[in-house]
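Take a look at the letters that make up each chain.
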Amino acid sequence: MLNPVPAVMVSVGREKPNIITIAWTGIVNTNPPMTYISVRPERYSHDIIEREGEFVVNLVTEELAKACDFCGVRSGRDIDKFSVMNLTKEEARIVSCPMIGESPVSIECRVIEKKRLGTHDMFLAEIVNVNVDEQYIDGDGRIRLDKASLVAYNHGEYFGLKRQPIGRFGFSVMKPKTKKRINREKHNRKKKSD
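Throughout what follows, the structure given in this document is the object of discussion.

Here we take up the nonpolar core. Membership of the largest hydrophobic core comes to 21 residues, with the highest contact counts inside it found for V10, I37, F55 and V57. Mapped by element, the contributors of at least two residues to this core are β2 (8-12), β3 (18-22), β5 (34-39), α1 (44-52), β6 (54-59), β9 (105-116) and β10 (121-132). Each residue touching V10, except ones within four places of it in the same chain, is listed here: N18, I19, I20, I22, I37, F55, V56, V57 and N58. Residues V60, L64, F70 and I100 belong to the second largest nonpolar core, which totals 15 residues.

What follows is about α1. The α-helix advances 3.6 residues per turn, and as a result positions three or four apart in sequence lie on the same side. Considered for burial, the residues of α1 that qualify are S45, H46, I48, I49 and E52. Angular distribution of buried residues about the axis of α1 spans 170 degrees; they occupy a single face of the element. Residue G53 follows α1 closely and has a positive phi angle near 70 degrees.

With that out of the way, let us pick up the environment of L117. Within the secondary structure, L117 is located in the loop between β9 and β10. Along the sequence, L117 and P17 sit 100 residues apart, while their C-alpha atoms lie 26 Å from each other.

As a further point, take the sheet that holds strand β12 (residues 157-160). Reading across from one edge, β1-β11-β12 is the order of the three strands in this open sheet, with antiparallel pairing throughout. Edge positions in the sheet fall to β1 (5-6) and β12, since each has one partner strand and no second. Pairing analysis gives four bridges linking strand β11 (residues 151-154) to β12, with the strands arranged antiparallel. Pairing of Y153 across the sheet is with Y158, part of β12.

On to the layout of surface pockets. By volume, the largest pocket amounts to about 1100 Å³. Taken together, 33 residues form the lining of the largest pocket, with R142, R144, D146, P165 and K186 sitting closest to its centre. Among the residues forming the lining of the largest pocket, the class breakdown is 10 nonpolar, seven polar and 16 charged. Lining of the second largest pocket is provided by 36 residues; of these, T21, I22, A23, W24 and H120 occupy positions nearest its centre.

This paragraph deals with the sheet that holds strand β4 (residues 25-29). If you walk across this open sheet you meet the seven strands as β3-β2-β6-β9-β10-β5-β4, and the pairing is antiparallel. Edge strands, defined here as strands with exactly one partner in the open sheet, are β3 and β4. The average undirected angle you get between the axes of adjacent strands in this sheet is 35 degrees. Here β6 runs beside β9; their pairing, made up of five bridges, is antiparallel.

Before going further, it helps to examine the side chain of S103. Relative to the helices and strands, S103 resides in the loop between β8 (99-100) and β9. From its side chain, S103 meets the backbone oxygen of L59 in a polar contact 2.7 Å long. Excluding anything up to four places from it in sequence, S103 contacts N58, L59 and L64.

Bringing unusual backbone geometry into the picture now. Cis geometry is adopted by the peptide bond preceding P4, which originates at N3 and carries an omega value of -5 degrees. Checked against the element boundaries, P4 lands in the segment before β1. Geometrically, the link from N31 to P32 is a cis peptide bond, its omega value of 5 degrees lying close to zero. Note on placement: P32 falls in the loop between β4 and β5. The phi torsion at N86 lies on the positive side, around 55 degrees, for a residue other than glycine. Residue N86 is classed as exposed on the basis of its relative accessible area, which comes to 65%. One non-glycine residue, H155, adopts positive backbone phi at about 50 degrees. Within the secondary structure, H155 sits in the loop between β11 and β12.

Reading guide: rules and limits
- Residues numbered from 1 in each chain as written.
- Predicted model: local features only at pLDDT ≥ 70, side-chain atom pairs only at ≥ 80, totals over all residues.
- Heavy atoms only, no water.
- Core = buried A, V, L, I, M, F, W, Y, C linked by side-chain atoms within 4.5 Å.
- Buried < 20%, exposed > 50% of the residue type's maximum accessible area, 1.4 Å probe, protein only.
- Helix = DSSP H or I, 4+ residues; strand = E, 2+ residues; numbered from the N terminus.
- Contact = heavy atoms within 4.5 Å.
- Arc of directions from axis to C-beta.
- Pairing = 2+ DSSP bridges.
- 1 Å grid on protein atoms, 1.4 Å probe; cavity = no way out; pocket = protein on both sides within 12 Å on 5 of 7 lines; lining within 4 Å.
- Points joined across faces, edges and corners; volume = space filled by probe spheres on them.
- Nonpolar A, V, L, I, M, F, W, Y, C, P; charged D, E, K, R; others polar.
- Axes fitted to C-alpha atoms, helices over the stretch in contact; angles between N-to-C directions.
- Polar contact = N/O pair within 3.5 Å; in protein donor to acceptor, adjacent residues only side chain to side chain.

Below is the structure:
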């Protein structure tokens, strides 16, 4: 088992928007930027994604965890999940389906391929736009999702990602001089934000 995985809310649909909770997603390529979601064919959102060829991956915060869970256990065939969970439909910049206004990051995607894999179909998609809530962009233009209280999913439970980082890419081989420079830069950024 590969765990934990991200818990995301995927918004779909132009005329009758819906939200489906997905835990099987991730980045699959850098250039062009690509992602995937795996969806059971019997899910209401599956046909919408197949027909319209687009979706938005909305990251989930601890505050959105209840809505995320609800959108995973109720069908959009029967209810308007945006209304029931008091979520804001926000117009996306490129795709036609809405984003979830309360999400710190909304990733607009266009399907380029569907693969039937058995229990799920995998929609491989190009990321055509990324929207980040300005409160998570620091004075240096860095995206600070460590401040967003994101959620992961592990064996049927949601967990908040609260711990401090244990290192950054390359920390296992970092030279002392580089580590000192990074710590100094980090200290200066912290002073700026205070």
